[in-house]
Amino acid sequence: MSGIEFNRRLEAIPVYPVADSYGHDGELVKLASNETPWGPSPPVMGAIQGQLETLNRYPDPDKSVLRRRIAERTGLSSERVAVGNGSCEILLAAADALLEPGAELVYAWPSFSIYPHLAAQSGARAVTVPLDSDGRHDLEAMAREVTAATRLVLVCNPNNPTATALPVDEIDAFVGELPRNLAVILDEAYVEFSTLQDPDDSLDLLERHPNLVLLRTFSKVYGLCGLRAGYALGPESFRSAVDRVRQPFSVNAIAQAAAAEAIRHQDEVERRVEHTVIERVHVESELAERGLDTTESQANFSWVALGDRDEDAIVKGLAELGVIVRAGKALGGEEGRLRVTYGTRRENDRFLATLDTLL
Ligand SMILES: *Cc1c(COP(=O)(O)O)cnc(C)c1O
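Predicted model, so just to flag it, every value in this text is computed and none were measured.

**A word on the domain arrangement of the chain**
Phase 1: With domains assigned, the chain is organised as domain 1 (8-30 + 267-358) and domain 2 (42-264).
Phase 2: Placing a centre on the C-alpha atoms of domain 1 and another on those of domain 2 gives a separation of 24 Å.
Phase 3: The interface is formed by 24 residues belonging to domain 1 together with 28 residues belonging to domain 2.
Phase 4: Across the interface of domain 1 and domain 2, roughly 2200 Å² is buried in total on both sides, 63% from carbon and sulfur atoms.
Phase 5: Viewed at the interface, domain 2 and domain 1 are joined by one salt bridge.
Phase 6: Residue E296 pairs with R136 through a salt bridge whose shortest N-O separation is 3.5 Å.
Phase 7: Counting the contacts that link domain 1 with domain 2 gives eleven residue pairs in polar contact (both at pLDDT 80 or more).
Phase 8: Residue assignment for the side of domain 1 that touches domain 2 shows that the elements contributing at least two residues are α1 (9-12), α11 (266-289) and β9 (301-305).
Phase 9: When the residues that make up the side of domain 1 that touches domain 2 are grouped by side-chain class, the tally is twelve nonpolar, seven polar and five charged.

Right under this line is the structure:
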(Lines give C-alpha, C1' and ligand atoms only; values in the text may rest on other atoms or scores of the structure.)
Protein backbone atom coordinates (compact mmCIF):
# COMPACT_ATOMS: atom_id res chain seq x y z
CA MET A 1 0.00 0.00 0.00
CA SER A 2 1.42 3.34 -0.97
CA GLY A 3 -0.58 5.74 1.23
CA ILE A 4 -2.14 9.16 0.58
CA GLU A 5 -0.94 11.12 -2.44
CA PHE A 6 -0.33 14.78 -1.65
CA ASN A 7 0.05 17.61 -4.13
CA ARG A 8 3.43 18.42 -5.61
CA ARG A 9 3.73 21.81 -3.97
CA LEU A 10 3.95 20.11 -0.60
CA GLU A 11 7.40 18.71 -1.33
CA ALA A 12 8.76 22.23 -1.74
CA ILE A 13 7.40 23.54 1.56
CA PRO A 14 10.14 23.53 4.19
CA VAL A 15 9.50 22.19 7.68
CA TYR A 16 9.77 25.03 10.21
CA PRO A 17 12.97 24.47 12.23
CA VAL A 18 11.97 23.94 15.85
CA ALA A 19 14.60 24.53 18.52
CA ASP A 20 15.98 21.43 20.18
CA SER A 21 15.21 21.00 23.85
CA TYR A 22 17.16 17.80 24.73
CA GLY A 23 16.84 15.88 27.94
CA HIS A 24 17.93 18.38 30.55
CA ASP A 25 16.25 17.85 33.93
CA GLY A 26 16.97 21.20 35.58
CA GLU A 27 15.61 24.65 34.80
CA LEU A 28 15.76 25.44 31.08
CA VAL A 29 16.97 28.82 29.86
CA LYS A 30 15.07 29.43 26.62
CA LEU A 31 17.02 31.80 24.42
CA ALA A 32 16.17 30.26 21.05
CA SER A 33 13.04 32.01 19.80
CA ASN A 34 13.53 35.75 20.39
CA GLU A 35 10.79 35.75 23.01
CA THR A 36 10.72 38.27 25.85
CA PRO A 37 11.39 36.85 29.32
CA TRP A 38 8.34 38.52 30.92
CA GLY A 39 4.80 37.22 31.15
CA PRO A 40 1.74 39.39 30.44
CA SER A 41 1.39 42.53 32.62
CA PRO A 42 -1.53 42.68 35.12
CA PRO A 43 -3.88 44.72 32.86
CA VAL A 44 -3.24 42.30 29.98
CA MET A 45 -3.92 39.36 32.32
CA GLY A 46 -7.17 41.10 33.24
CA ALA A 47 -8.17 41.43 29.59
CA ILE A 48 -7.39 37.74 29.04
CA GLN A 49 -9.48 36.68 32.03
CA GLY A 50 -12.30 38.95 30.89
CA GLN A 51 -12.75 36.77 27.79
CA LEU A 52 -13.03 33.39 29.48
CA GLU A 53 -16.74 33.39 30.24
CA THR A 54 -17.82 34.27 26.71
CA LEU A 55 -15.74 31.70 24.87
CA ASN A 56 -18.97 30.05 23.68
CA ARG A 57 -19.13 32.97 21.19
CA TYR A 58 -17.10 33.34 18.00
CA PRO A 59 -14.49 36.08 18.03
CA ASP A 60 -15.14 39.38 16.25
CA PRO A 61 -14.27 38.64 12.58
CA ASP A 62 -13.60 42.38 12.02
CA LYS A 63 -11.27 42.59 15.05
CA SER A 64 -12.78 46.04 15.40
CA VAL A 65 -11.56 46.98 18.89
CA LEU A 66 -8.02 45.86 18.22
CA ARG A 67 -7.91 47.50 14.79
CA ARG A 68 -9.25 50.73 16.27
CA ARG A 69 -6.61 50.73 19.02
CA ILE A 70 -3.86 50.13 16.45
CA ALA A 71 -5.33 52.91 14.31
CA GLU A 72 -5.35 55.30 17.29
CA ARG A 73 -1.78 54.43 18.15
CA THR A 74 -0.49 54.85 14.59
CA GLY A 75 -2.71 57.69 13.40
CA LEU A 76 -3.91 55.65 10.40
CA SER A 77 -7.45 54.79 9.40
CA SER A 78 -8.48 51.38 10.74
CA GLU A 79 -9.32 50.44 7.13
CA ARG A 80 -5.57 50.26 6.60
CA VAL A 81 -4.98 47.86 9.52
CA ALA A 82 -5.01 44.08 8.93
CA VAL A 83 -4.79 41.81 11.97
CA GLY A 84 -3.58 38.22 11.80
CA ASN A 85 -3.05 35.08 13.82
CA GLY A 86 0.53 36.21 14.32
CA SER A 87 2.18 38.29 11.61
CA CYS A 88 3.20 35.00 9.98
CA GLU A 89 -0.41 34.44 9.02
CA ILE A 90 -0.41 37.78 7.20
CA LEU A 91 2.81 36.83 5.39
CA LEU A 92 1.31 33.56 4.18
CA ALA A 93 -1.93 35.31 3.24
CA ALA A 94 0.09 37.89 1.30
CA ALA A 95 1.67 35.03 -0.64
CA ASP A 96 -1.81 33.71 -1.39
CA ALA A 97 -3.08 37.11 -2.48
CA LEU A 98 -0.04 38.29 -4.47
CA LEU A 99 1.86 35.29 -5.83
CA GLU A 100 1.28 32.50 -8.34
CA PRO A 101 3.39 30.36 -10.68
CA GLY A 102 5.34 32.70 -12.98
CA ALA A 103 5.52 35.47 -10.37
CA GLU A 104 8.66 36.29 -8.41
CA LEU A 105 9.42 37.51 -4.93
CA VAL A 106 12.70 39.00 -3.76
CA TYR A 107 14.18 38.84 -0.29
CA ALA A 108 17.56 38.82 1.41
CA TRP A 109 19.17 35.69 2.83
CA PRO A 110 19.70 34.69 5.59
CA SER A 111 16.49 36.22 6.80
CA PHE A 112 13.28 35.09 8.52
CA SER A 113 12.77 31.34 8.20
CA ILE A 114 9.13 31.70 7.10
CA TYR A 115 9.98 33.59 3.88
CA PRO A 116 10.88 30.45 1.85
CA HIS A 117 7.34 29.19 2.53
CA LEU A 118 5.84 32.02 0.49
CA ALA A 119 7.32 30.79 -2.77
CA ALA A 120 6.86 27.14 -1.93
CA GLN A 121 3.16 27.40 -1.17
CA SER A 122 2.31 29.67 -4.10
CA GLY A 123 4.52 28.19 -6.81
CA ALA A 124 6.21 31.58 -7.36
CA ARG A 125 9.97 31.87 -7.80
CA ALA A 126 12.02 33.09 -4.84
CA VAL A 127 14.98 35.30 -5.71
CA THR A 128 17.29 35.52 -2.71
CA VAL A 129 19.97 38.18 -2.36
CA PRO A 130 22.91 37.60 0.00
CA LEU A 131 23.35 40.00 2.92
CA ASP A 132 26.47 42.16 2.81
CA SER A 133 29.57 41.28 4.83
CA ASP A 134 28.17 43.07 7.91
CA GLY A 135 25.00 40.96 7.82
CA ARG A 136 22.91 43.85 6.45
CA HIS A 137 20.46 43.94 3.57
CA ASP A 138 22.15 44.90 0.29
CA LEU A 139 19.33 47.06 -1.04
CA GLU A 140 21.13 47.97 -4.28
CA ALA A 141 21.59 44.31 -5.13
CA MET A 142 17.97 43.63 -4.23
CA ALA A 143 16.73 46.44 -6.49
CA ARG A 144 18.73 44.91 -9.36
CA GLU A 145 16.80 41.64 -8.98
CA VAL A 146 13.40 43.25 -9.49
CA THR A 147 11.89 42.33 -12.87
CA ALA A 148 8.51 42.69 -14.57
CA ALA A 149 7.55 39.40 -12.88
CA THR A 150 8.25 40.65 -9.33
CA ARG A 151 5.11 40.98 -7.22
CA LEU A 152 6.56 41.12 -3.75
CA VAL A 153 9.75 42.36 -2.08
CA LEU A 154 10.38 41.50 1.57
CA VAL A 155 12.70 43.55 3.77
CA CYS A 156 13.24 42.42 7.35
CA ASN A 157 14.38 45.40 9.44
CA PRO A 158 15.91 44.65 11.95
CA ASN A 159 16.79 41.39 10.24
CA ASN A 160 16.28 37.99 11.81
CA PRO A 161 18.69 36.15 12.29
CA THR A 162 21.52 38.69 11.88
CA ALA A 163 19.99 41.36 14.20
CA THR A 164 21.20 44.20 11.94
CA ALA A 165 19.09 47.13 10.82
CA LEU A 166 19.14 49.81 8.15
CA PRO A 167 18.14 53.42 8.79
CA VAL A 168 14.69 54.45 7.61
CA ASP A 169 15.97 56.87 4.96
CA GLU A 170 17.75 54.03 3.13
CA ILE A 171 14.55 52.00 3.08
CA ASP A 172 12.67 55.10 1.93
CA ALA A 173 15.00 55.61 -1.05
CA PHE A 174 14.89 51.90 -1.92
CA VAL A 175 11.09 51.69 -1.95
CA GLY A 176 10.89 54.92 -3.92
CA GLU A 177 12.93 53.39 -6.76
CA LEU A 178 10.74 50.32 -7.19
CA PRO A 179 7.72 50.09 -9.48
CA ARG A 180 4.51 50.87 -7.62
CA ASN A 181 2.60 47.83 -8.81
CA LEU A 182 4.62 45.47 -6.62
CA ALA A 183 4.11 45.17 -2.89
CA VAL A 184 6.96 45.85 -0.47
CA ILE A 185 6.53 44.28 2.95
CA LEU A 186 8.77 45.79 5.59
CA ASP A 187 8.83 43.21 8.39
CA GLU A 188 9.33 45.21 11.59
CA ALA A 189 8.90 42.47 14.19
CA TYR A 190 11.82 43.98 16.18
CA VAL A 191 11.47 47.65 15.30
CA GLU A 192 10.83 48.73 18.90
CA PHE A 193 14.29 47.51 19.92
CA SER A 194 16.15 49.54 17.29
CA THR A 195 18.08 52.59 18.41
CA LEU A 196 18.43 53.74 14.79
CA GLN A 197 14.84 54.89 14.69
CA ASP A 198 11.61 55.46 16.52
CA PRO A 199 8.90 52.98 15.44
CA ASP A 200 6.80 55.97 14.36
CA ASP A 201 9.45 57.01 11.81
CA SER A 202 8.47 54.23 9.45
CA LEU A 203 4.82 55.28 9.60
CA ASP A 204 5.82 58.37 7.59
CA LEU A 205 6.95 56.08 4.77
CA LEU A 206 3.39 54.87 4.33
CA GLU A 207 2.37 58.36 3.25
CA ARG A 208 5.00 58.42 0.50
CA HIS A 209 4.73 54.85 -0.77
CA PRO A 210 1.25 53.55 -1.63
CA ASN A 211 2.62 50.03 -2.23
CA LEU A 212 4.34 49.71 1.17
CA VAL A 213 3.14 47.45 3.99
CA LEU A 214 4.60 47.53 7.51
CA LEU A 215 4.34 44.22 9.32
CA ARG A 216 4.39 44.27 13.13
CA THR A 217 3.68 41.81 15.89
CA PHE A 218 2.53 41.36 19.47
CA SER A 219 4.89 38.40 19.77
CA LYS A 220 8.14 40.18 20.55
CA VAL A 221 8.26 43.32 22.72
CA TYR A 222 4.62 42.81 23.76
CA GLY A 223 5.45 39.25 24.80
CA LEU A 224 2.24 37.61 23.56
CA CYS A 225 3.63 35.04 21.12
CA GLY A 226 1.69 32.25 22.83
CA LEU A 227 -1.58 33.93 21.82
CA ARG A 228 -0.72 34.76 18.17
CA ALA A 229 -1.47 38.33 17.11
CA GLY A 230 0.25 40.48 14.51
CA TYR A 231 -0.76 43.29 12.19
CA ALA A 232 -0.04 44.97 8.90
CA LEU A 233 -0.31 48.66 8.08
CA GLY A 234 -0.65 49.50 4.41
CA PRO A 235 -3.08 50.39 1.69
CA GLU A 236 -6.70 49.40 2.18
CA SER A 237 -6.41 47.11 -0.86
CA PHE A 238 -3.81 45.04 0.99
CA ARG A 239 -6.00 44.59 4.05
CA SER A 240 -9.01 43.54 2.01
CA ALA A 241 -6.90 41.14 -0.07
CA VAL A 242 -5.42 39.32 2.93
CA ASP A 243 -8.84 39.23 4.58
CA ARG A 244 -10.36 37.53 1.55
CA VAL A 245 -7.91 34.66 1.47
CA ARG A 246 -8.23 33.79 5.19
CA GLN A 247 -10.95 32.34 7.32
CA PRO A 248 -12.82 35.14 9.13
CA PHE A 249 -12.21 33.86 12.67
CA SER A 250 -8.46 33.30 12.54
CA VAL A 251 -7.65 35.64 15.43
CA ASN A 252 -9.15 34.24 18.62
CA ALA A 253 -11.05 36.35 21.15
CA ILE A 254 -8.38 36.17 23.86
CA ALA A 255 -5.63 37.24 21.48
CA GLN A 256 -7.70 40.19 20.24
CA ALA A 257 -8.51 41.39 23.76
CA ALA A 258 -4.97 40.92 25.09
CA ALA A 259 -3.37 42.75 22.16
CA ALA A 260 -5.94 45.57 22.35
CA GLU A 261 -5.01 46.06 26.01
CA ALA A 262 -1.25 45.64 25.56
CA ILE A 263 -0.99 48.38 22.94
CA ARG A 264 -2.43 50.89 25.43
CA HIS A 265 0.61 50.45 27.71
CA GLN A 266 3.48 52.08 25.86
CA ASP A 267 5.20 52.80 29.17
CA GLU A 268 5.57 49.04 29.60
CA VAL A 269 6.94 48.77 26.06
CA GLU A 270 9.53 51.43 26.87
CA ARG A 271 10.53 49.68 30.08
CA ARG A 272 11.05 46.42 28.19
CA VAL A 273 13.03 48.12 25.45
CA GLU A 274 15.29 49.79 28.03
CA HIS A 275 15.92 46.47 29.78
CA THR A 276 16.65 44.79 26.45
CA VAL A 277 19.11 47.47 25.36
CA ILE A 278 20.96 47.15 28.68
CA GLU A 279 21.15 43.37 28.27
CA ARG A 280 22.26 43.81 24.66
CA VAL A 281 25.22 45.91 25.74
CA HIS A 282 26.02 43.43 28.53
CA VAL A 283 25.88 40.29 26.35
CA GLU A 284 27.73 41.90 23.44
CA SER A 285 30.57 43.17 25.62
CA GLU A 286 30.87 39.87 27.46
CA LEU A 287 31.03 38.00 24.15
CA ALA A 288 33.63 40.46 22.85
CA GLU A 289 35.76 39.79 25.94
CA ARG A 290 35.71 36.13 24.98
CA GLY A 291 36.91 37.02 21.48
CA LEU A 292 33.52 36.26 19.91
CA ASP A 293 32.33 38.72 17.26
CA THR A 294 28.72 39.74 16.92
CA THR A 295 27.01 41.78 14.23
CA GLU A 296 25.71 45.16 15.43
CA SER A 297 22.42 44.17 17.04
CA GLN A 298 19.36 46.40 16.86
CA ALA A 299 17.10 43.60 18.09
CA ASN A 300 16.61 41.44 21.21
CA PHE A 301 19.18 38.85 20.17
CA SER A 302 22.76 38.52 19.01
CA TRP A 303 24.19 36.79 15.95
CA VAL A 304 27.44 35.36 17.21
CA ALA A 305 30.43 34.26 15.12
CA LEU A 306 32.07 31.22 16.68
CA GLY A 307 35.28 31.43 14.65
CA ASP A 308 36.55 27.98 13.82
CA ARG A 309 34.80 26.33 16.74
CA ASP A 310 32.33 23.54 16.05
CA GLU A 311 28.87 25.11 15.87
CA ASP A 312 26.98 21.84 16.43
CA ALA A 313 29.08 20.91 19.43
CA ILE A 314 28.52 24.30 21.07
CA VAL A 315 24.77 24.49 20.43
CA LYS A 316 24.26 20.88 21.57
CA GLY A 317 26.60 21.33 24.50
CA LEU A 318 24.64 24.37 25.67
CA ALA A 319 21.36 22.48 25.29
CA GLU A 320 22.62 19.53 27.31
CA LEU A 321 23.41 21.99 30.09
CA GLY A 322 19.93 23.52 29.84
CA VAL A 323 20.61 26.61 27.69
CA ILE A 324 18.68 26.57 24.42
CA VAL A 325 19.95 28.74 21.54
CA ARG A 326 19.68 28.41 17.75
CA ALA A 327 22.34 27.00 15.47
CA GLY A 328 23.13 29.51 12.72
CA LYS A 329 23.16 26.85 10.01
CA ALA A 330 19.51 25.95 10.65
CA LEU A 331 18.66 29.61 10.07
CA GLY A 332 20.40 29.80 6.71
CA GLY A 333 23.68 31.16 8.01
CA GLU A 334 27.11 29.97 7.13
CA GLU A 335 28.69 27.42 9.46
CA GLY A 336 30.02 28.71 12.77
CA ARG A 337 27.25 30.96 14.07
CA LEU A 338 24.63 30.92 16.75
CA ARG A 339 21.67 33.14 17.53
CA VAL A 340 20.99 33.88 21.17
CA THR A 341 18.03 35.85 22.51
CA TYR A 342 18.50 38.17 25.48
CA GLY A 343 16.66 36.97 28.58
CA THR A 344 16.86 38.28 32.12
CA ARG A 345 20.31 39.18 33.50
CA ARG A 346 20.35 35.86 35.35
CA GLU A 347 19.53 33.92 32.19
CA ASN A 348 22.10 35.80 30.12
CA ASP A 349 24.79 35.19 32.71
CA ARG A 350 23.90 31.53 32.80
CA PHE A 351 24.30 31.44 28.99
CA LEU A 352 27.72 33.13 29.27
CA ALA A 353 28.91 30.90 32.10
CA THR A 354 27.74 27.76 30.30
CA LEU A 355 29.44 28.93 27.12
CA ASP A 356 32.69 29.32 29.10
CA THR A 357 32.60 25.66 30.04
CA LEU A 358 32.46 24.77 26.32
CA LEU A 359 34.98 27.18 24.79
C1 LIG B 1 9.23 36.59 15.36
C2 LIG B 1 9.10 37.19 14.03
C3 LIG B 1 7.85 37.54 13.53
C4 LIG B 1 6.63 37.34 14.36
O5 LIG B 1 5.85 36.30 13.93
P6 LIG B 1 4.42 36.13 14.65
O7 LIG B 1 3.71 35.23 13.69
O8 LIG B 1 3.82 37.49 14.73
O9 LIG B 1 4.66 35.53 15.97
C10 LIG B 1 7.75 38.13 12.29
N11 LIG B 1 8.85 38.40 11.58
C12 LIG B 1 10.08 38.11 12.03
C13 LIG B 1 11.26 38.47 11.23
C14 LIG B 1 10.23 37.49 13.26
O15 LIG B 1 11.45 37.17 13.71
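**Concerning the site of the ligand**
Phase 1: Y190, T217, S219, K220 and R228 are the nearest of the 13 residues found near the ligand.
Phase 2: S87 places a main-chain nitrogen or oxygen 2.7 Å from an oxygen atom of the ligand.
Phase 3: In the environment of the ligand, an oxygen atom lies 2.6 Å from a nitrogen or oxygen atom belonging to the side chain of S219.
Phase 4: Relative to its free-state accessible area of 390 Å², the ligand is covered by the protein chains to the extent of 94%.
Phase 5: Tallied by class, the residues present in the shell around the ligand amount to five nonpolar, five polar and three charged.

**Topic: the sheet that holds strand β5 (residues 150-156)**
Phase 1: Judged by pairing direction, the sheet is mixed, and its seven strands sit side by side in the order β2-β8-β7-β6-β5-β3-β4 without closing on themselves. Each of the sheet's edge strands pairs with one partner strand only, and the pair in question is β2 (81-84) and β4 (125-130). Here the average twist between neighbouring strands, direction ignored, is 20 degrees.
Phase 2: By the bridge criterion, four bridges tie strand β3 (residues 104-109) to β5 in an arrangement that is parallel. In the strand pairing of β5, V106 is matched with V153.

**Points about the pairing of β4**
Phase 1: Looking at chain direction, β3 and β4 are connected through six bridges and run parallel. Considered in β4, the bridge of L105 is made with A126.
Phase 2: The β-α-β motif built from β3, the intervening helix α5 (residues 115-122) and the parallel element β4 has right-handed crossover chirality.

**Some thoughts on the environment of E72**
Phase 1: With respect to the helices, strands and loops of the structure, E72 is situated in helix α3 (residues 64-74).
Phase 2: For E72, a relative accessible area of 56% puts it in the exposed group.
Phase 3: Considered as a pair, E72 and H117 are 45 residues apart in the sequence and their alpha carbons are 33 Å apart.

**Describing the environment of G317**
Phase 1: Tracing the backbone shows G317 in helix α12 (residues 311-320).
Phase 2: The class for G317 is buried, based on a relative accessible area of 9%.
Phase 3: In sequence terms G317 and R69 are 248 residues apart; their C-alpha atoms lie 45 Å from each other.
Phase 4: In this structure, G317 is in contact with D312 and L358, ignoring residues within four places of it in sequence.

**A word on a negative patch on the surface**
Phase 1: A surface patch of like charges, here negative, comprises D198, D200, D201 and D204.
Phase 2: Tracing the backbone shows D201 in helix α8 (residues 201-208).
Phase 3: Take D201: its relative accessible area is 33%, and that puts it in the partly exposed class.

**Here's the deal with the packing of aromatic side chains**
Describing an aromatic ring pair means giving the distance of the ring centres and the angle of the ring planes.
Phase 1: Under the definition given, this model contains seven aromatic pairs.
Phase 2: Note on Y190 and F301: the rings are 5.1 Å apart at their centroids and 70 degrees apart in plane angle, and the pair reads as edge-to-face. Remark: F301 occurs in strand β9 and Y190 occurs in the loop between β6 (183-187) and α8; sequence separation between them is 111 residues.
Phase 3: Given the relative accessible area of 2%, Y190 is considered buried.

About the criteria used
- Throughout this description, residue numbers start from 1 for each chain and increase along the sequence as written.
- In keeping with the model being predicted, local features are shown solely for residues with a pLDDT of at least 70 and side-chain atom pairs are shown and tallied solely at 80 or more, while totals for entire chains, interfaces and linings include all residues.
- With hydrogens and water set aside, each side-chain value is computed from the structure's full complement of heavy atoms.
- Per the annotation, domain bounds derive from an automatic or database assignment of domains.
- We call two residues in contact whenever any of their non-hydrogen atoms come within 4.5 Å of each other.
- Buried area counts how much accessible surface, traced with a 1.4 Å probe, disappears from two parts once they are put together, with both parts' losses summed.
- A side-chain nitrogen of Lys or Arg and a carboxyl oxygen of Asp or Glu constitute a salt bridge if their distance falls within 4 Å.
- Within 3.5 Å is the distance limit for a polar contact, defined as a pair of N or O atoms, with the added protein rule that one can donate a hydrogen and the other accept it, and that residues adjacent in sequence qualify only through two side-chain atoms.
- Note on conventions: DSSP H or I runs of at least 4 residues are helices, E runs of at least 2 residues are strands, and numbering of each starts at the N terminus.
- Here the term charged refers only to Asp, Glu, Lys and Arg, the term nonpolar to Ala, Val, Leu, Ile, Met, Phe, Trp, Tyr, Cys and Pro, and the term polar to all other amino acids, Gly among them.
- Residue proximity to a molecule or strand is established when one non-hydrogen atom of the residue lies within 4 Å of it.
- Computed with the Shrake-Rupley method and a 1.4 Å probe, the accessible areas treat only the protein chains shown as cover for residues.
- A pair of strands counts as paired when DSSP detects no fewer than two bridges linking them.
- Note on definitions: angles span 0 to 180 degrees between N-to-C directions of axes, and those axes are lines fitted to C-alpha atoms, for helices only across the stretch in contact.
- Think of it like this: strands point away, you trace from the first strand over the helix to the second, and a clockwise trace means the crossover is right-handed.
- Exposure is judged per residue with a 1.4 Å probe applied to protein chains only, and the accessible area is read against the type maximum: over 50% gives exposed, under 20% gives buried, and values in between give partly exposed.
- The patch calculation keeps residues exceeding 30% relative accessible area without a salt bridge and links them within 9 Å when they carry like charges or within 5 Å when they are nonpolar (Val, Leu, Ile, Met, Phe, Trp, Tyr).
- Lys and Arg are tallied as positive, Asp and Glu as negative. Neither His nor the chain termini are counted.
- Every charge is mapped onto a representative atom, which is NZ of Lys, CZ of Arg, CG of Asp or CD of Glu.
- Only Phe, Tyr and Trp rings take part, Trp by its six-membered ring, and two of them pair if their centres are within 6.5 Å. Stacked means planes under 30 degrees apart, edge-to-face means over 60, and tilted covers everything else.

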